[in-house]
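Topology and contacts: notes
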Amino acid sequence: MNMQFFWLVIGIVGILGAIVPAAQMGTEIYFDFQLFMLVVGIGVFYVIGSGGKGLKGVDNFGKGSFAAGSLGFFIALASVPGSEGQALIDTTQYAVFSICLGTIIHLVCQVIVNRFGSSQ
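Residues numbered from 1 in each chain as written. Predicted model: local features only at pLDDT ≥ 70, side-chain atom pairs only at ≥ 80, totals over all residues. Heavy atoms only, no water.

**Quick look at the layout of surface pockets**
Roughly 160 Å³ of internal volume is contained in the second largest pocket. Lining of the second largest pocket is provided by Asp-32, Gln-34, Leu-35, Leu-38, Gly-72, Ile-75, Ala-76, Tyr-94 and Ser-98. Of the residues assigned to the lining of the second largest pocket, the class counts are 5 nonpolar, 3 polar and 1 charged. (1 Å grid on protein atoms, 1.4 Å probe; cavity = no way out; pocket = protein on both sides within 12 Å on 5 of 7 lines; lining within 4 Å. Points joined across faces, edges and corners; volume = space filled by probe spheres on them. Nonpolar A, V, L, I, M, F, W, Y, C, P; charged D, E, K, R; others polar.)

**Quick word on the packing of aromatic side chains**
Evaluation of the coordinates by the stated rule reveals 1 aromatic pair. Here the aromatic rings of Phe-73 and Phe-74 are separated by 5.2 Å at their centres, their planes lie at 75°, and the arrangement is edge-to-face. (Phe/Tyr/Trp six-rings, centres within 6.5 Å; stacked < 30°, edge-to-face > 60°.)

**Some words on the nonpolar core**
Where a protein is soluble and globular, its nonpolar side chains tend to be buried together. One finds Val-39, Val-40, Leu-101, Ile-105 and Cys-109 forming the largest nonpolar core, which totals 5 residues. Breaking this core down by element, the ones donating at least two residues are α2 (33–50) and α4 (85–117). For this core, the element with the most residues is α4, which contributes 3 residues. (Core = buried A, V, L, I, M, F, W, Y, C linked by side-chain atoms within 4.5 Å. Buried < 20%, exposed > 50% of the residue type's maximum accessible area, 1.4 Å probe, protein only. Helix = DSSP H or I, 4+ residues; strand = E, 2+ residues; numbered from the N terminus.)

Pasting the structure below:
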């Protein structure tokens, strides 16, 4: 196995290994499919709309996912005034997880772009 791929895998696993346990502390929400589809779907459509092949596509996917996570954050925050009790807590957690998911995808994409972009 190429050492470049080895360090890439170590970097991605390290990022995810540090983030996932921290994100699950004290919450009841572990994964939401609609939120995931919002962030990943907008990331995919961002790539389709802006173009780019290879590393440029990966970079655009990261940028689109981060923007989608931020959008999801603000959409969830707009729901906060109409929420009470446990619904308020859940809505706040969805808002934070939205921006976290977008940031995690952006981080992973940036690691890939940095690793392979510098070797060319």
